[in-house]
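# Fold and contact review
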Amino acid sequence: MRRLLLGCAALAVACSVQQMNLSPGTQPSFEGFQGTQEQAGLKLGGVNGYLGRSCGSLDCHGQVGRGLRLYSETGLRMPEGRASDAGDTTPGLGPITPAEVGQNYLAVVALEPELMEQVVADGGDRPERLLLIRKPMGYDTHKGGRIFLDVTDPGYVCLTSWLAGKVDESQCRAGWAFKE
Amino acid sequence: MRRAWVPLLMLAACTSDPVLESRTAALGSEDPAVPVGEDHRAGQPCVTCHQPSGASDRHFALAGTVLWGPVKLQGVAGARVEILDARPGPLPPRVVTTNCAGNFFIDASDDLTFPLRVRVVAKGKTRDMRSPIFRERSCAGCHESERSPSSPGPVLLLGKEEEAKTPYVPPAECAQ
């Protein structure tokens with residue numbers, strides 16, 4: 001059942017990407033975003049796992065007013081009725097759903113879609129062109145301060161390897177494990 | 001003479017914070033049964049007022065309210081709130097104890113380095129926060145009075161069933 005829901009979420013994301021006039025294949029991959037590490041039928045690794053745990057708390061990007069709004073298991077949940085696969089929609093009381101992962105992907109790739117397309121087309125070269133990297137690196141004002149210590153920070157490697165087309169899931173996991 | 005007031009009015013307009021003002025107004029009136037002091041406004045976001053630009057002269061680095069269970073929503077007296085902050089090195093957690101209303105607070109002079117890991121211990125029960133606090137200084141900033149997709153609800157030591165089995169007994173000095 002979970003696999004079916006994941007498939008539906010991937011399809012929904014693909015349709016949404018087309019609706020947003022983002023060319024499929026020119027944005028970083030959804031598969032790398034959701035990760036391959038499975039637990040109870042849910043994929044928990046990847047970029048989504050890192051962002052949810054490191055950035056998606058209720059007092060940071062787990063807020064609906066954020067440009068980069070992130071759903072996560074212990075942070076903001078997608079309201080009941082919006083998620084076709086919703087269980088308990090209270091923070092901390094249910095695993096993140098495929099629909100939430102899909103919405104997180106759209107939130108990330110829609111931040112600066114043209115620029116992200118360019119970075120992906122360049123094989124992930126100069127990722128600091130993106131706010132997604134600039135802010136946690138401390139190059140731009142970030143209310144949460146500087147998150148990445150340097151370019152060896154697991155979170156930095158997680159995001160930039162995804163932009164380069166081959167996400168390093170071990171670094172995504174190390175990133176949030178490090179923060180915890 | 002009238003013109004002299006214009007810059008002052010403009011200055012006043014610049015120094016007001018409409019977001020903070022609306023948050024302060026949303027807190028509503030004081031409960032007349034609870035005098036203004038360390039027991040007041042239990043469960044509300046303390047640092048709305050207790051911050052340098054807030055209405056109070058006393059400023060907190062972190063503050064909140066610990067409740068026993070979700071049915072009676074009684075404040076827990078004497079709960080240990082253990083806070084592990086992000087200062088480097090193996091440091092012991094800061095510990096602060098709740099008062100009769102279940103309120104606790106750490107003065108702003110006691111600087112905390114975010115992110116924070118927090119757990120609450122009382123009467124043999126322990127509750128760990130599952131996620132770190134990255135910058136919110138009021139527990140009720142996230143722990144609102146009702147559960148919702150954007151809030152886990154109040155800070156509770158017990159669930160509904162546990163609360164039914166284990167009623168809260170306040171210490172003698174807090175019994176009304």
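Predicted model, so just to flag it, every value in this text is computed and none were measured.

## A few points about the overall build of chain A
If you tally the helices and strands in chain A, you get 8 helices and 2 strands. Helices and strands in chain A line up, N terminus first, as α-α-β-β-α-α-α-α-α-α. For chain A, buried positions account for 49% of its 180 residues. Excluding contacts between residues fewer than 6 apart, the proportion of contacts in chain A whose partners are at least 24 apart in sequence is 48%. Total accessible area computed for chain A in this model is approximately 8200 Å², and 52% of it derives from carbon and sulfur atoms.

## Some thoughts on the packing of aromatic side chains
Residues and elements named next belong to chain A. As enumerated under the stated definition, the model contains 7 aromatic pairs over all chains in all. Pairing Tyr105 with Trp162 gives two aromatic rings, centres 6.4 Å apart and planes at 75°, and the pair type is edge-to-face. Residue Tyr105 is found in helix H4 (residues 98-109), and its partner Trp162 is found in helix H7 (residues 154-163); the two are separated by 57 residues along the sequence. Accessibility classification places Tyr105 together with Trp162 in one group, the buried group. For the ring pair Phe148 and Tyr156, a centre distance of 5.9 Å and an interplane angle of 85° mean the geometry is edge-to-face.

## Some remarks on the environment of Ile106(B)
Residue and element names in this part refer to chain B. Within the element layout of this structure, Ile106 appears in strand S4 (residues 103-107). A relative accessible area of 6% means that Ile106 is categorised as buried. Other than its neighbours up to four places away in sequence, Ile106 contacts Phe60, Ala61, Leu62, Ile83, Val96 and Leu112.

## Focus on the pattern of salt bridges
Residues and elements named next belong to chain B. On inspection of all chains with the given rule, the structure shows 13 salt bridges over all chains. Notably, a salt bridge pairs Asp107 with Arg58, separated by 3.1 Å at the nearest N-O pair. Separated by 49 residues along the polypeptide, Asp107 in strand S4 and Arg58 in the loop between helix H2 (18-26) and strand S1 (60-65) bring together distant segments of the chain. Among the salt bridges present, the one from Arg119 reaches Glu82, with a minimum N-O distance of 2.8 Å. Here the residue Arg119 occupies a position in strand S5 (residues 117-122), and Glu82 occupies one in strand S2 (residues 80-84), the gap between them amounting to 37 residues. A relative accessible area of 35% means that Arg119 is categorised as partly exposed. Taken together, the shared-partner salt bridges connect Asp85, Arg87, Arg94 and Asp110 into one network.

## Remarks on H2(B)
The backbone nitrogen of Val19(B) has a side-chain oxygen 3.0 Å away, supplied by the residue at the start of H2(B), namely Asp17(B). One or two steps after H2(B), the chain reaches Gly28(B), where phi turns positive at roughly 80°.

## Notes on the confidence of the model for chain B
Chain-level pLDDT for chain B is 91 on average; 91% of the residues reach the 70-or-more range. Prediction confidence for the complex, expressed as pTM and ipTM, is 0.84 and 0.82 respectively.

## Looking at the interface of chain B and chain A
Contact residues are listed per partner, giving 15 residues for chain B and 22 residues for chain A. In total, about 1500 Å² of surface goes out of reach between chain B and chain A, with carbon and sulfur atoms giving 56% of it. On the chain B side of the interface with chain A, the three residues burying the most area are Phe134(B), Arg135(B) and Pro149(B), jointly 45% of the side's total. Between Arg130(B) and Glu73(A) there is a salt bridge, with its nearest N and O atoms 3.1 Å apart.

Thresholds applied
- Residues numbered from 1 in each chain as written.
- Chains lettered and ligands numbered in written order.
- Predicted model: local features only at pLDDT ≥ 70, side-chain atom pairs only at ≥ 80, totals over all residues.
- Heavy atoms only, no water.
- Helix = DSSP H or I, 4+ residues; strand = E, 2+ residues; numbered from the N terminus.
- Buried < 20%, exposed > 50% of the residue type's maximum accessible area, 1.4 Å probe, protein only.
- Contact = heavy atoms within 4.5 Å.
- Areas by Shrake-Rupley, 256 points an atom, 1.4 Å probe, with all protein chains shown as cover.
- Phe/Tyr/Trp six-rings, centres within 6.5 Å; stacked < 30°, edge-to-face > 60°.
- Salt bridge = Lys/Arg side-chain N within 4 Å of Asp/Glu carboxyl O.
- Polar contact = N/O pair within 3.5 Å; in protein donor to acceptor, adjacent residues only side chain to side chain.
- pLDDT = per-residue confidence, 0-100.
- Buried area = accessible area lost by both parts, 1.4 Å probe.

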